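Geometric and topological summary
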Amino acid sequence: MLLENHKKITEEELKLANSIWNFLSIRETILKSDLIFVLCSHDLRVAKYAVDLYKKGFANYILFSGGLNFFTKHIFPKSEAESFAELAFKENIPNDVIIIENVSTNTGENIQFSKNILKFLNHKFSNIIAIQKPSMSLRIKLALAKQWNDTNFFISSPNYSIFDAPHSHINLFMIINEIVGDLQRIIEYPKFGFQSETEIPDHIFFAYNSLINQGYNLHLIK
């Protein structure tokens, strides 16, 4: 298990973490689009969700974007994008509908490098379904609004809760560290022009600060 930690998670900590998870998770109504844009991660359920959407006819192409980062360098022997694409190939998705961007290490690079690849391939898409883990869906919506605002996006994710988020490579302790760090980026990144601002309720700030004080700080930016 990735960075296994045996810290006992209290009921109060889990309650606080769940409130942050729910704040970070959005699922919009999706419509048939030109492309499924997958911002990859450590969770292959997102790849399976992209495959399911393609098989249901929601788009004609899938773009998998992601190199390796803090979490996934311990999990995948290849890039996130190539690992996600391997799952798609096993699900009989044709090779010629899959586009791979395999060097990005953060959300901003996912967006910018993917835009560059589509431009190079002369693909012009008006409607795109963007998917990630549930707890990253608000972040990608805010980042896309700032960095790719000439295209219509539908934001979606596999539908699971924080209680189902752990998998064979990452435990609940690391999931909580991850979402605390993601919330920090939502707070801080608008200052640098990386994403649009959003209002953060007082109880979410309270949960955020409480969890940091309890030691959930492994995914924080300095």
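What this report covers is the structure whose coordinates are included nearby. Bear in mind that the values here come from a model prediction, so they are computed numbers and not experimental data.

Criteria and cut-off values
Residues numbered from 1 in each chain as written. Predicted model: local features only at pLDDT ≥ 70, side-chain atom pairs only at ≥ 80, totals over all residues. Heavy atoms only, no water. Helix = DSSP H or I, 4+ residues; strand = E, 2+ residues; numbered from the N terminus. Rg over C-alpha atoms; globule rule 2.2 N^0.38 Å. Salt bridge = Lys/Arg side-chain N within 4 Å of Asp/Glu carboxyl O. Buried < 20%, exposed > 50% of the residue type's maximum accessible area, 1.4 Å probe, protein only. Phe/Tyr/Trp six-rings, centres within 6.5 Å; stacked < 30°, edge-to-face > 60°. Lys NZ or Arg CZ within 6 Å of the ring centre and 35° of its normal. Polar contact = N/O pair within 3.5 Å; in protein donor to acceptor, adjacent residues only side chain to side chain. Contact = heavy atoms within 4.5 Å.

**Focus: the overall build of the protein chain**
From N to C terminus, the protein chain includes seven helices and five strands. Taken from N to C terminus, the helices and strands of the protein chain fall in the order α-β-α-β-α-β-α-β-α-β-α-α. For the protein chain, the C-alpha radius of gyration of 17 Å lies close to 17 Å, the compact-globule estimate for 222 residues. Each principal axis of the C-alpha distribution contributes one length, and for the protein chain these read about 50 × 35 × 30 Å.

**Describing the pattern of salt bridges**
Applying the stated criterion across every chain yields a total of eight salt bridges. Across the pair Asp-43 and Arg-45 runs a salt bridge, and its minimum N-O distance is 2.9 Å. What makes Asp-43 buried here is its relative accessible area of 2%. Relative accessible area serves as the criterion here: at 29%, Arg-45 is assigned to the partly exposed category. Two residues, Glu-91 and Lys-55, come together in a salt bridge whose shortest N-O distance is 3.0 Å. Remark: Lys-55 occurs in helix H2 (residues 45–55) and Glu-91 occurs in the loop between helix H3 (80–90) and strand S3 (98–101); sequence separation between them is 36 residues. Since its relative accessible area comes to 24%, Glu-91 is described here as partly exposed. On the basis of relative accessibility, which here comes to 48%, the residue Lys-55 falls in the partly exposed class.

**What about the packing of aromatic side chains?**
Under the criterion given, the structure shown has eight aromatic pairs. Summarising the aromatic geometry, the rings of Trp-21 and Tyr-160 are spaced 6.0 Å apart at their centres and angled 40° between planes, so their arrangement reads as tilted. Residue Trp-21 is located in helix H1 (residues 11–24), and its partner Tyr-160 is located in the loop between strand S5 (152–156) and helix H6 (172–188); the two are separated by 139 residues in the primary sequence. A single burial state applies to Trp-21 and to Tyr-160, both of which are buried. Between Phe-37 and Trp-148, the ring centres sit 5.6 Å apart and the planes meet at 65°, which makes this aromatic pair edge-to-face. Here the residue Phe-37 occupies a position in strand S1 (residues 35–39), and Trp-148 occupies one in the loop between helix H5 (137–147) and S5, the gap between them amounting to 111 residues. The rings of Phe-37, Trp-148 and Phe-153 are connected pair by pair, giving a single aromatic cluster. Its guanidinium or amino end placed over the ring of Tyr-160, Arg-45 lies 4.0 Å from that ring's centre, counting from NZ or CZ.

**A closer look at the side chain of Arg-139**
Its place among the elements puts Arg-139 in helix H5. A residue is classified by how much of its surface remains accessible, and Arg-139, at 7% relative accessible area, is buried. Only 3.0 Å separates the side chain of Arg-139 from the side chain of Asp-182, close enough to count as a polar contact. Beyond its immediate chain neighbours, meaning those up to four positions away, Arg-139 contacts Thr-107, Asp-182, Arg-185, Ile-186, Tyr-189 and Gln-195.

**Thoughts on unusual backbone geometry**
For Asn-92, which is not glycine, the phi torsion reads 70° and is therefore positive. Structurally, Asn-92 can be placed in the loop between H3 and S3. Its identity is not glycine, yet Asn-122 carries a phi of approximately 65°, on the positive side. Its relative accessible area of 58% is what places Asn-122 among the exposed residues.

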